[in-house]
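Commentary on secondary and tertiary structure
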Amino acid sequence: MKREKRHEPDLALHIEDLTVAYEGKPVLWDIDVNIPPGVMAAVIGPNGAGKSTLIKTVLGLVKPTAGHICIHGYPPRQALKRVAYVPQRSAVDWDFPTTVVDVVMMGRYGHLGWFRWPGKRERRRAMDALSAVGMEAFANRQINQLSGGQQQRVFLARAMVQDADVLFLDEPMAGVDATTEKAVVALLQELRDQGKTIIVVHHDLQTVRDYFDWLVILNVRVVAQGPIPEVYTGENLRKAYGGRIALLDPDSSGETPDAVPREVVN
Amino acid sequence: MMQAFLGDPMAMILLTGALVATSGALLGTFLVLQRQSMLSDAISHSIVFGIVVVWLLTHAQSGPLQIAGAALTGVLTVFLTEMVARTRRVKRDAAIGLVFPALFAAGVLLLNLYARDIHIDSHTVLLGEIGFVWLDTMPLAGFEVPQAVVWMSVATLVNLGFVLACYKELKLASFDWQLAAALGLAPTLMFYLLLGLTSVTAVAAFDAVGAVLFIAFVIVPPATAYLLTDRLSLMLLLAVLVGVASTLCGYPLAVRLDVSIGGTMASMTGVFLLLAFLLSPRYGVLGHWRNRRVKYSG
């Protein structure tokens, strides 16, 4: 047996001194993030704060300039199967000639390994996941016939069949109907209750307190992180969003305000 | 009997055409879906540079060395394009347009300066001459087999093997590059393999159909199939069928009209595309019109 050398094994996600730059311009500057297992965490911040870049760096899609990342104590390359990713819906071509159940089966490709074709087992797993998100009736539909909310459910089903410990979702609530948003949140909370760690790039400040129990506020640097009650404060939000935030509740000098960032309102 | 078949000009012309169509459509399907069709244009032009350089160094006009050299040129084209695009001073489509004419021009210049005796001239570079493929033979297993048939068969088998072995990897890389990367299924490697094989196939097909007509066989049949089906596997199959049907229809038409055989075969791919565009049940103009009527009449 090879002796395992794990760094910070008790954290679902551990990021230390991470800097990411495009063309010499820092998008993330010297950030440290620690997220314990079994929480549902939101990553919020203004446009250009580096939220998507953070997730893409963790997944190895973007190369960091400096710093290191551990998932359950393993470097990302050794943790490929522990991590699932739900990209923004616009990241793929929905006119691609394929069916709903095919897209969900893609979540099993990593476990299948190179050259092996997906078979009955993968199809069964995909159908189970489609039932869980209420989409089994759409299994054989062409994907360009789906609404935005249905696309999001399919993506979620695909992430579920990956059997990952940590799920990253990039703005899963963007542009979906209210019913889908509720269904997605309920499913994610169920996964969290099973012990999985859910990390969501989120854009709607008004729902942060209702949906999540952990929060990372980002604006190139980490503004604040921790359990929602400690971190979701007017002071922290103002620090991150600056003048672009309109606090609906300006009298209460900061504790848990209803905040609407202006860029979302526009 | 076998030798009679291999010595029959018409059979060899049709076989060569069908092999070019098959090998082209197998790769073209993924290029079209990845929105990289025009890279096949760039590759099929810049390999002229590779062909001339290999000829100058080794005097090999065909065979493995020629194919390897030109394939490297194809991959070099893509690599240079990505490099120019990555500077972000030039957009990616413009980068393609900067790189391949430079290599193509260099190839033509070298051809004019040092290689006047080589079998290719500016006419065959563009159109090839599929009508003469049966003349240029090589011995194989006791038979005299046209070189074009031998090398196109190899290219077709390699492409088929690649698509069958890496079907799911190619599919995922085409549909969701980020997930492919996150799962460790190397979409960038798949991309370069795909383009490397496109170069190899372009070289093998070069004598038969030339640089420009090759593009027609890579892009048009998959674009036609895309209009006809919602399944990737069916799209591959239909693309191959459309390509092969184009060669089979194109030959008699060319003989009848006394025009370029390769050109007529390529034109037929365009005819099939037009038919699919008009008549496809779901995505065609007619289907669209009918669906709307059904929708609004009820």
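This text goes with the structure placed above it.
Attention here is on the structure that accompanies the text.

Rules behind the numbers
- Residues numbered from 1 in each chain as written.
- Chains lettered and ligands numbered in written order.
- Predicted model: local features only at pLDDT ≥ 70, side-chain atom pairs only at ≥ 80, totals over all residues.
- Heavy atoms only, no water.
- Helix = DSSP H or I, 4+ residues; strand = E, 2+ residues; numbered from the N terminus.
- Buried < 20%, exposed > 50% of the residue type's maximum accessible area, 1.4 Å probe, protein only.
- Contact = heavy atoms within 4.5 Å.
- Areas by Shrake-Rupley, 256 points an atom, 1.4 Å probe, with all protein chains shown as cover.
- Lys, Arg positive; Asp, Glu negative; His and termini not counted.
- Charge placed at Lys NZ, Arg CZ, Asp CG, Glu CD.
- Core = buried A, V, L, I, M, F, W, Y, C linked by side-chain atoms within 4.5 Å.
- Buried area = accessible area lost by both parts, 1.4 Å probe.
- Salt bridge = Lys/Arg side-chain N within 4 Å of Asp/Glu carboxyl O.
- Patch = residues over 30% accessible without salt bridge, like charges linked within 9 Å, V, L, I, M, F, W, Y side chains within 5 Å.
- Pairing = 2+ DSSP bridges.
- Axes fitted to C-alpha atoms, helices over the stretch in contact; angles between N-to-C directions.
- Expected span 1.5 Å × (residues − 1).
- Phe/Tyr/Trp six-rings, centres within 6.5 Å; stacked < 30°, edge-to-face > 60°.
- Lys NZ or Arg CZ within 6 Å of the ring centre and 35° of its normal.
- Parallel < 35°, antiparallel > 145°, perpendicular 65-115°, else oblique.
- Left-handed = near helix turned anticlockwise from the far one by under 90°.
- Nonpolar A, V, L, I, M, F, W, Y, C, P; charged D, E, K, R; others polar.

Notes on the overall build of chain B
- Within chain B, the regular secondary structure consists of 13 helices and 2 strands.
- On the principal axes, the C-alpha backbone points of chain B span a range of 70 × 50 × 35 Å.
- Residue burial in chain B is summarised as follows: out of 298 residues, 54% are buried.
- For chain B, restricting intrachain contacts to residue pairs at least 6 apart in sequence, the fraction spanning at least 24 positions comes to 70%.
- Here chain B displays about 13,400 Å² of accessible surface, and carbon together with sulfur accounts for 70% of that area.
- A distance of 21 Å separates the average location of the 16 positive side-chain charges in chain B from that of its 14 negative side-chain charges.

So, the nonpolar core
- Counting residues in hydrophobic clusters, the biggest one holds 140 residues, and the most contacted among them are A:Ile44, A:Leu130, A:Leu188, A:Leu215, B:Phe162 and B:Val209.
- For this core, the element with the most residues is helix H10 (residues 187-226) of chain B, which contributes 22 residues.
- Discounting chain neighbours no more than four positions away, the residues touching B:Phe162 are B:Leu27, B:Tyr167, B:Leu170, B:Met190, B:Leu193, B:Leu194 and B:Leu197.

With respect to the interface of chain B and chain A
- Opposite the 34 residues of chain B that make contact, chain A presents 35 residues.
- For chain B, the biggest contributors to the area lost against chain A are B:Lys168, B:Phe175 and B:Gln178; these three give 26% of the whole.
- Taken together, the links from chain B to chain A amount to 3 salt bridges.
- For the salt bridge of B:Asp176 with A:Arg158, the shortest nitrogen-to-oxygen distance reads 2.7 Å.

Section: a nonpolar patch on the surface
Residue and element names in this part refer to chain B.
- Together, Val271, Leu274, Leu275, Phe277, Leu278, Leu279, Val285, Leu286 and Trp289 make up a nonpolar patch on the protein surface, roughly 860 Å² of accessible area in all.
- For the nonpolar patch, the elements supplying multiple residues, two or more each, are helix H12 (261-279) and helix H13 (285-297).
- With 6 residues, H12 is the single largest residue contributor to the nonpolar patch.
- Note that Leu279 resides in helix H12.
- Since its relative accessible area comes to 52%, Leu279 is described here as exposed.

Some remarks on unusual backbone geometry
Residue and element names in this part refer to chain A.
- Residue His72 is not a glycine yet carries a positive backbone phi of 50°.
- Structurally, the position occupied by His72 is in the loop between strand S4 (66-71) and strand S5 (83-86).
- Taking relative accessible area as the criterion, His72 reaches 13% and is therefore assigned buried.
- With phi around 50°, Asp163 is a residue other than glycine that occupies positive phi space.
- Mapped onto the elements, Asp163 comes out in the loop between helix H5 (148-160) and strand S6 (166-170).
- A relative accessible area of 36% means that Asp163 is categorised as partly exposed.

Here we look at the sheet that holds strand S7 (residues 197-201) of chain A
All names here are of chain A.
- The 6 strands lie next to each other as S5-S6-S7-S3-S8-S9, forming an open sheet whose pairing is mixed. Edge positions in the sheet fall to S5 and strand S9 (221-227), since each has one partner strand and no second. Pairs of neighbouring strands in the sheet enclose a mean axial angle of 15°, with direction left out of account.
- Across the sheet, H5 is in contact with S5 and S6; its angle to S5 comes to roughly 170°.

Overview of helix H5 (residues 92-114) of chain B
All names here are of chain B.
- A rise of 1.5 Å per residue sets the reference length of H5, with its 23 residues, at 33 Å; its end C-alpha atoms lie 33 Å apart and thus fit the reference within 8%.
- For H5, the full list of buried residues reads Ala95, Ile96, Val99, Phe100, Leu103, Gly107 and Leu111.
- Those residues of H5 hidden inside the fold are in contact with helix H3 (37-58) and helix H4 (64-86).

Here's the deal with the packing of aromatic side chains
- Going through the model one piece at a time under the given rule, you end up with 7 aromatic pairs over all chains.
- Ring plane angle 45° and centroid distance 5.2 Å describe the contact between A:Trp94 and A:Phe155, whose orientation is recorded as tilted. Of the two residues, A:Trp94 is situated in the loop between S5 and helix H2 (100-105) and A:Phe155 in helix H5; the sequence distance between them amounts to 61 residues.
- Given a relative accessible area of 1%, A:Phe155 falls into the buried group.
- Residues B:Phe191 and B:Tyr192 carry aromatic rings whose centres are separated by 5.5 Å and whose planes lie at 75° to one another, so their mutual orientation is edge-to-face.
- You can call B:Phe191 buried: its relative accessible area is 10%.
- In this structure, B:Lys168 packs its charged tip against the face of A:Tyr109, placed 5.9 Å from the ring centre.

Comments concerning helix H7 (residues 147-165) of chain B
- Helix length check: H7(B), at 19 residues, gives a terminal C-alpha distance of 27 Å against a target of 27 Å (1.5 Å per residue), a fit within 8%.
- All of the buried residues in H7(B) are B:Gln147, B:Ala148, B:Val149, B:Val150, B:Trp151, B:Met152, B:Ala155, B:Thr156, B:Asn159, B:Phe162 and B:Val163.

Points about the sheet that holds strand S1 (residues 13-22) of chain A
All names here are of chain A.
- The sheet built from 3 strands is open, its strands ordered S2-S1-S4 with antiparallel pairing. Because the sheet does not close on itself, it has two edges, and the strands there are strand S2 (25-35) and S4. Averaged over all adjacent pairs, the angle separating strand axes in this sheet is 20°, with direction ignored.
- Where S1 lies against S2, 7 bridges are found, and the strand directions are antiparallel. Across the sheet, the residue bridging to His14 is Asn34, located in S2.
- Contacts from helix H1 (residues 51-58) reach S1, S2 and S4, with the element oriented near 115° to S1.

Description of the pairing of strand S3 (residues 40-44) of chain A
All names here are of chain A.
- A large share of S3 lies buried, amounting to 5 of its 5 residues.
- Residues of S3 alternate between two faces, with Met40, Ala42 and Ile44 on one and Ala41 and Val43 on the opposite face, all of them buried.
- Across 4 bridges, S3 lies against S7 in parallel orientation. Counted as the bridge partner of Met40 is Ile198 from S7.
- Across 4 bridges, S3 lies against strand S8 (residues 214-219) in parallel orientation.

Some words on the packing of H3(B) against H5(B)
Residues and elements named next belong to chain B.
- Where H3 meets H5, the closest approach of the two axes is 8 Å, and the angle between their N-to-C directions is 30°. Between H3 and H5, the crossing angle belongs to the class labelled roughly parallel. Seen along the crossing, H3 lies across H5 with a hand that is left-handed. Contacts between H3 and H5 pair Met38, Leu39, Asp41, Ala42, His45, Ser46, Val48, Phe49, Val52, Val53, Trp55 and Leu56 from the former with Arg92, Ile96, Phe100, Leu103, Phe104, Ala106, Gly107, Val108, Leu110, Leu111 and Tyr114 from the latter.
- Its residues assigned to classes, the contact of H3 with H5 comprises 18 nonpolar, 3 polar and 2 charged.

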